[in-house]
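Structural overview
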Amino acid sequence: MASAKTAAAVSGADNLSHDKKIAFWRDERMRGLITQVAAILILLSLFAFLIYNFLEKQSKSGGPAISFDFLENVAGFQLSFSLLPITLDSPIGLLIVSAAMSTLVAAFFAAIIATVLGLVVGVLRLSSNWLISRIAATYIEIIRNVPLLLQLVFWYTLVITALPRHKDSFSLFDAAFLNIKGLFLPKPLLQEGIGLLLAAVVVAIIGAIGLARWARQRQMATGQQFPIITVNTLIIIGIPAIAYMLLHQPIGWELPEKGGFNFKGGLAVQPEMTALIVGIGVSTAAYVAEIVRAGIMSVSHGQTEAASALGLKSQWTLRLVVLPQALRVMIPPMISQYLNVVKNSTLAGFIGFADLFSVISTSQNQTGRAIECIIILMGFYLTVSLIISTIMNVYNKRAALVER
């Protein structure tokens, strides 16, 4: 009798263990986790194999070991545009850092142009006015079907070179000048008290964000709107302006002055950089316009009709009803466009702008360190792409519709 009970208990335990194993493999989350871990291990193994194979081949061929000591070598060449003080005796590493900064600055301003221009053209594409809609559609079709490299050459050769000479420069209040040699702007000079001014700017931004959250909560609770745009504009501009005056102007300005053959002083923006920013910005704006159009069209027409029934003006309907709902459709493809802005900057070398890709190529030809240069280039673009993707994905989660 005892042996029968023992056998039954063992059989029950085996059945329970078997049921647990079945339940474990039927758990979708556990299967997904195991699959992901296995895929990561396979990729890491493949990556390790490639690295080991490369090191083995290089050692057998007698090639030099991987080293980044060449970054301390004297570059021996100058950059057409640099945000850092560069001389012929500057190390290669400093030139690479300067070129990376120039690439980011150009990509930043190109992204701003693409966003603003793309939003305007995308809205005009849906205009009820036939002429305006056709003009926007023509712009989109032409830009999207012309290679970006040709557009950059167009902006550089046909537009930039058509600007006046040094003596006939376009002038804006005798503080900014535009001619064939570039754009000359007042150069900021940081003086005593700049830290307090930056603190005032940070306080203004934090205050504006806090006020915007309060206004949103107030509107959700009472339905009453607060003039948040006007008030925040006054806060962001007013607080730093007051601090600027109280600190006795901690930022000075060096104005460009006409010389014999060029302007002296100020901040000079080279024509190549201007052509790069405008070319990439205008080209990407065509794709952004289509994204905006698709996002607006994804919003049900009943939303617009309901807003009109409530007495909202067309611009209020677009800003308060249509665009907030269209963002959930627009943001994911916008991430790809912002990434393309950064990666398309590698075409800058064709118009003579010293971006990171051009400086890396020159450094590779001088030092023969092809692998190290490619690693630096890949690491830079990978890091920038991951940062942009992370920021935009966080914003995408905040803009997504949340069911009550």
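Let us look at the structure shown here.

Cut-offs and rules
- Residues numbered from 1 in each chain as written.
- Predicted model: local features only at pLDDT ≥ 70, side-chain atom pairs only at ≥ 80, totals over all residues.
- Heavy atoms only, no water.
- 1 Å grid on protein atoms, 1.4 Å probe; cavity = no way out; pocket = protein on both sides within 12 Å on 5 of 7 lines; lining within 4 Å.
- Points joined across faces, edges and corners; volume = space filled by probe spheres on them.
- Helix = DSSP H or I, 4+ residues; strand = E, 2+ residues; numbered from the N terminus.
- Nonpolar A, V, L, I, M, F, W, Y, C, P; charged D, E, K, R; others polar.
- Salt bridge = Lys/Arg side-chain N within 4 Å of Asp/Glu carboxyl O.
- Buried < 20%, exposed > 50% of the residue type's maximum accessible area, 1.4 Å probe, protein only.
- Pairing = 2+ DSSP bridges.
- Axes fitted to C-alpha atoms, helices over the stretch in contact; angles between N-to-C directions.

Examining empty space enclosed by the protein
Considering all chains together, one arrives at one cavity of 30 Å³ or more under this definition. In this structure, the largest cavity spans a volume of roughly 30 Å³. Every residue lining the largest cavity is listed: Ile160, Leu163, Leu178, Asn179, Ile180, Gly182, Leu183, Pro271 and Thr274. For the lining of the largest cavity, the secondary-structure elements that each account for two or more residues are β2 (176-179), β3 (182-185) and α8 (271-298). Taken together, the residues that form the lining of the largest cavity break down as six nonpolar, three polar and no charged.

Regarding the pattern of salt bridges
Per the stated rule, a full pass over the model turns up three salt bridges. Residue Glu290 is joined to Arg144 by a salt bridge in which the shortest nitrogen-to-oxygen separation is 3.6 Å. Note that Glu290 is positioned in helix α8 and Arg144 in helix α4 (residues 130-144), a separation of 146 residues in sequence. When its relative accessible area of 17% is taken as the criterion, Glu290 is described as buried. Linking Glu290 and Arg293 is a salt bridge whose minimum nitrogen-to-oxygen distance equals 3.1 Å. Placement of the pair is Glu290 and Arg293 together in helix α8, with a separation of three residues, close to one helical turn. Each of Arg144, Glu290 and Arg293 takes part in one network of salt bridges that share partners.

Some points on the sheet that holds β3
An order of β1-β2-β3-β8 is seen for the four strands of this open sheet, with the pairing classed as antiparallel. Every other strand in the sheet has two partners, leaving β1 (170-172) and β8 (267-269) as the edge strands with one partner each. Neighbour-to-neighbour, the strand axes of this sheet turn through a mean angle of 15°, independent of strand direction. Alignment of β2 against β3, held across three bridges, turns out to be antiparallel. Within β3, the position partnered with Phe177 by the bridge is Phe184.

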